[in-house]
Amino acid sequence: MVPRHSRKQIVPGFGVTLSVTLFYVSIMLLLPLAALLARASELSFAQIVPIVTSERVLAACKLSLGAAALAAGVNAILGTVLAWVLTRYDFIGRRWLDALIDLPMALPTAVAGIALSALYGDRGWIGAWTSHFGISIAYTRLGIFVALLYVGLPFLVRTLQPVLAEAERTQEEAALTLGASPWQNFRYVVLPQIMPAILTGAAMAFARGVGEYGSVIFIAGNIPKVSEIAPLLIVTKLEQYDYAAATVIAVFLLSLSLVLLLIMQKLQMQSQRYRLKEVQP
Amino acid sequence: MFPTRRLAVLALGLILGSPLAPAKTLLNASYDPTRELYRDINKEFLSDWKQKTGESLEIEQSHGGSGKQARAIIDGLEADVATLALAYDIDVLADKGLLSPNWQERLPNKGAPYTSTIVFLVRKGNPKGIKDWNDLIKADVGVVTPNPKTGGGARWNYLAAWGYALKQKGGNELKAKAFVQELYKHVKVLDSGARGATTSFAERGVGDVLLTWENEAFLALNELGADRFEIVVPSVSILAEPVVAVVDRVATKHGTQKQAEAYLSYLYTEKAQDIIARHGFRPRSPKVAQAYAERFKKVSLFTIDELFGGWRAAQKKHFDEGGLFDQIYGASS
Amino acid sequence: MTELASSPSIPRPASLTWNLAKPLRANLGRYILLAIAISYGVLILGLPLAVVLLEAFKKGLGSYREALLARDALGAMSLSLLVAFLVVPLNTVFGLAAAWLLGKFRFRGRNLLITLIDLPLAVSPVVAGLMFVLLYGAQSPLGPWLAAHDLKIIFALPGIWLSSLFVTLPYVARELLPLLESQGTELEEAAALLGASGWQNFWHISLPRMKWALLHGIILCNARVLGEFGAVSVVSGHIRGKTNTLPLHIEILYNEYQFTAAFAAASVLAFLALITLVFKRVAQKHHTQAASLSA
Amino acid sequence: MKLHLHQIEKSFGSSSVLKGITASIDQGSFITLLGASGCGKTTLLRILAGLETPDRGTISFDGQDASQLSLQERRVGFVFQHYALFPHLTVFENIVFGLKVRATREQISRAAMNTRVKELLELVHLQNFADRYPHQLSGGQKQRVALARALAIHPRVLLLDEPFGALDTEVRHKLREELKTLQKTLGITCILVTHDQDEALALSDRILLLREGRIEQIGKPEDLYLNPASSFVMNYFGRTNELSAEELGFSLPGPILVRAEDISIDPALSSAALARLHRVSPRGSTVHLELAIESPQGERTLHAEIPRERWAKHPVELGALVSWRINAYKNFHESSVEPSSL
């Protein structure tokens, strides 16, 4: 079956790729999604409300959202610095640091959780040092925050690197010749143009943080209403054979992530609006 | 560098499902603390079964939180036998029609070939001087116990504490709730399962006392170093009865009903009871119990039926949504 | 969500002497930035890796080797590799098709499709596992039919395959999309005008230009499949030696107090990822150098 | 503002781009750095701007060593070939940028900045484009904004890197005039990099012709044109023929270089040297002829350029025989030969 070459696209492959993508997305993605939604919709609205508004669920969701937002915020700042250094400077060990960025992708989240709790526990390298000042990190909300920093960092750095690498150098040179200090050059010329990419990376880190399970449960105290995160709540409900509650919370978390993705989508569009390619000779 | 031949066999076995697997296999879905126990039991049973029937059987093990395993079986994990932490988790399987509701009558001691109890594990030298349950709520004591919502052992811990408070002079529901509430205020970490709690206490140095199965305490001593911890047996505790049952629907489907029943009854034999005692579980057989008398200290034990009217009642009253545990945590934080 | 936008073939960045013309004070700013970046990177990412490696080799090389060659460990590794073998190629083909479609064409519903493809990145792995339990579990509508035909999906390889596939679905697509979008369509149009068929166009013009992003996407997808814990633990029956992937095996080791063995197995995954990534950078560097020499 | 360069050397990796440049540029003059691509002219400009640092050699602004000056203290205006306008800022914000970043240090009031920008917008005829975004402007308009932006900080010297390279010819000529008049009215020193000799001849007070990192010649446009220091310089301006001394009956060593416009043709006289008209191509004010001549070394083509009016007066058909003679020539092997008035 030769795909009909629609007139307007002389670039090939529209038909083929469209059918492959739609088939794959519907089987591998929409079907499981539908199962989740179907199971959740078996509950009447009256049944859903008490689940979602129960104190424990709200506390868990607030915790998951708050910690993920905070971690995404910190990563937005320090991630940008890391991305800037990785694209703009050449220093020994740059390649290793760059490879390290992908570590959270490779290491199973559970292992990261164990390593982080060993690190930040009261007898860990850092934990011992901080408990010296009376601050204990592991098994508190701070521990969750640290785990989400670990999980979220790659998203910022990897989103920013291509944008920084491809940003027009001549604009920065123009700013410098006009007398801007490096900070002013970053603040007024570079930052406004990479802001959409930062926000996109931060939103991804946030979305990933909200859903993170493996690395967090090992370092969080998991005390209901104190340090019990939403994904753990889903698992707990599941193990109490309370499928309804588990699916409802899952759908709630899922719709939240979807909203996030749409916001990010708009950011991406917005960034294309004024960042036009300079006319190449 | 991975043995490709092995990979192929594994893939084949998995994809084609068990019927084509050469020998019949039994899948034993069990809870966390029995990993070491069933490793030894299975070896003995298989050789014993080979002598008796000449059939070379295979047993696969699956371990996890008691509730989690029960859910997995409900969701389709084809376990021929379930050896879980508490009767409630098997009742739930019965509710789903996986086995007959009167499963407890089909094996001696209501399907509990071994028992245990809840004890304390403290740091060597017992720095905080913890002797009994009431010491747990002293100001500077940090308690570690798994989450009763997910862990089987955790629920025995909770009920043991509740039972202790009830059995004190003038003890009543209100006092018991206050005591348990105070106890959980001291809890710093709620791991999902017994093993997680032990690791938090032993490996990561959280808290001062760990509430755990007696058998787990023994295991912790010889695995993590008897020089670092010691066991404190409280004045009164609960008779923890982990239970075993054949999952009829799966066994009949696999045609392993006979082997499954033999496997579980084997647990009651002298040989098995001895292995059970060696792994720190309290044996049912008086003779073996006699032999390990000095290991299992005398402690007055109450049963769940006596104080809580059985597992279904206890689960409903304490652990279900909005139950006493939720209220305790509602008020405490 | 443009997660994991391609980590580019990093062009040779301006060397540190970019603006030495300025007095020391400005360079100080540069070194402070460098210090902040490196210390943050090491603190957040380096130390956990160090802990893993330290614990893995704590009892010396002998026990490290022994841990890796234990029967269950090998079984877990083989299963993980088998799952990766069944997932990565599929996600790669899908990634290529999706990125080509979304990068080269504009059509109604394109944005919705992009958002959908991003979704697995935002969905908690636990929810991903739950979805498949609800879809193929015994209690699901399909349950009885599957049981009747003795088709085991969850608590067996298919379930693990499906959930791993779901979680890593976007990785290749995410890596290629920004690149294809920025590359525009001039070259492909030119090739098409010269009479190149769809496949020739793709094979000779487009593929060579996205080679590195594709390789990076595959590496990440592979690393993620091997490292997936949350989703797989929900659908795997934790049957020893049968449905335990490496991460699950690590959890078992950890729960059996064999901490060194657990970290040893974990270090394998960490090494695998870091080495493939550095290898890619090195190969890329030679490639770009070779290209610039011949240009 | 006196700008002095002394022995500037610069190399990138193994290739040395500037091999010792010494020159001094006085206040208010319009200098062009002319040369083929790769001769180091842009690098030299960037070194002047402080965007690159020389490996060796010094630059001084009014006697002050530039390497001590921060980019801000240098106060240099720089116009890029591709404008380098800030796409996320309006025309107004682009132009005011240089003032805004130094406002705090040099106490420039908001009002002063506004008037300065308005002034500049008038100067470049973009009064009512203040709040447009760069992507809404034409190439010419963009370059004017870049020019205004560079001038905003009252720069001591204005550096332009092939500013008109990306523009079409008609806009290019218009902007050249504007730049020339602007430079004269403001009396600001300008240094412009170009590879287009017409542009250099039209704009410069003095031309600095570069070849492979060295200065080939510095001088007024007419000097370089009329008395080039070397065959390279002569070749660079206009089309030049290379003839051997024997062909012309001279007793000079080395080749004789004759500019196309120094060759004139007459109706075929038996005594004069003969050539066959091979091709005619009119080029605006002049007509370009290609003549085929016999010489001891075989068939050779000669390029001649004659004013359009003379060609109109006595045209020659293709293929006809004509006699030709040279009115001026150059020979670079003795130092003092005068253009012989043959």
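Residues numbered from 1 in each chain as written. Chains lettered and ligands numbered in written order. Predicted model: local features only at pLDDT ≥ 70, side-chain atom pairs only at ≥ 80, totals over all residues. Heavy atoms only, no water.

Colleague: Any details on the confidence of the model for chain B? Residues and values, ideally.
Modeller: Residue and element names in this part refer to chain B. Overall, the prediction assigns chain B a mean pLDDT of 86, with 92% of residues at 70 or greater. For the stretch residues 16-21, pLDDT sits under 50, and the model shows 2 contacts to residues farther than four places along the chain or on other chains. Across the whole predicted complex the pTM is 0.80, and at the interface the ipTM reaches 0.76. (pLDDT = per-residue confidence, 0-100. Contact = heavy atoms within 4.5 Å.)

Colleague: Got a sec to walk through the side chain of N42(B)? Specific residues and values, please.
Modeller: Summarising the element assignment, N42(B) is placed in helix 2 (residues 35-53). Excluding its chain neighbours within four sequence positions, the residues that come into contact with N42(B) are I59(B), Q61(B) and Y263(B). (Helix = DSSP H or I, 4+ residues; strand = E, 2+ residues; numbered from the N terminus.)

Colleague: Outline the interface of chain A and chain C, supporting the account with residue identities and numerical values.
Modeller: Across the contact, 99 residues belong to chain A and 105 residues belong to chain C. Here chain A packs against chain C, burying approximately 9100 Å² in sum over the two surfaces, 81% of which is carbon and sulfur. It is Y24(A), Y89(A) and R95(A) in chain A that bury the most area against chain C; as a group they hold 7% of the surface buried on that side. Applying the counting criterion to the chain A and chain C interface returns 0 salt bridges. The tally of links between chain A and chain C comes to 4 residue pairs in polar contact (both at pLDDT 80 or more). (Buried area = accessible area lost by both parts, 1.4 Å probe. Salt bridge = Lys/Arg side-chain N within 4 Å of Asp/Glu carboxyl O. Polar contact = N/O pair within 3.5 Å; in protein donor to acceptor, adjacent residues only side chain to side chain.)

Colleague: I'd love a proper account of the interface of chain B and chain C, names of residues and values included.
Modeller: How big an interface is tends to be stated in terms of accessible area lost as the parts join. Each partner contributes residues to the interface: chain B has 37 residues there, and chain C has 32 residues. Between chain B and chain C, roughly 3200 Å² of surface is buried when both sides are summed, and carbon and sulfur atoms account for 60% of that area. Joining chain B to chain C, the criterion identifies 5 salt bridges. Its salt-bridge partner being E256(C), residue R35(B) comes within 3.3 Å of it at the nearest N-O pair. For the pair chain B and chain C, the number of links is 10 residue pairs in polar contact (both at pLDDT 80 or more). Among the secondary structure elements, those contributing two or more residues to the side of chain B that touches chain C are helix 1 (4-16), helix 2, strand 2 (58-64), helix 3 (66-74), helix 8 (194-202) and helix 9 (214-224) of chain B. Examining the composition of the side of chain B that touches chain C, we find that 6 residues originate from one element, helix 1 of chain B, more than from any other. The residue makeup of the side of chain B that touches chain C, split by class, is 13 nonpolar, 8 polar and 16 charged. (Nonpolar A, V, L, I, M, F, W, Y, C, P; charged D, E, K, R; others polar.)

Colleague: Account for the state of the cysteines, naming residues and giving values.
Modeller: Residues and elements named next belong to chain D. Counted under the stated rule, the structure contains 0 disulfides over all chains. With no disulfide of its own, C39 lies 19 Å from the sulfur of C190, the closest cysteine sulfur. A relative accessible area of 4% places C39 in the buried class. (Disulfide = S-S within 2.5 Å. Buried < 20%, exposed > 50% of the residue type's maximum accessible area, 1.4 Å probe, protein only.)

Colleague: Before we move on, can you summarise empty space enclosed by the protein with the specific residues and values?
Modeller: Volume-wise, the largest cavity comes out at about 480 Å³. Forming the walls of the largest cavity are 29 residues, and the residues nearest its centre are K68(B), S192(B), G193(B), E251(C) and N255(C). The set of elements that each furnish at least two residues to the lining of the largest cavity consists of helix 12 (230-239) of chain A, strand 2 and helix 8 of chain B together with helix 13 (246-255) of chain C. The residue makeup of the lining of the largest cavity, split by class, is 9 nonpolar, 13 polar and 7 charged. (1 Å grid on protein atoms, 1.4 Å probe; cavity = no way out; pocket = protein on both sides within 12 Å on 5 of 7 lines; lining within 4 Å. Points joined across faces, edges and corners; volume = space filled by probe spheres on them.)

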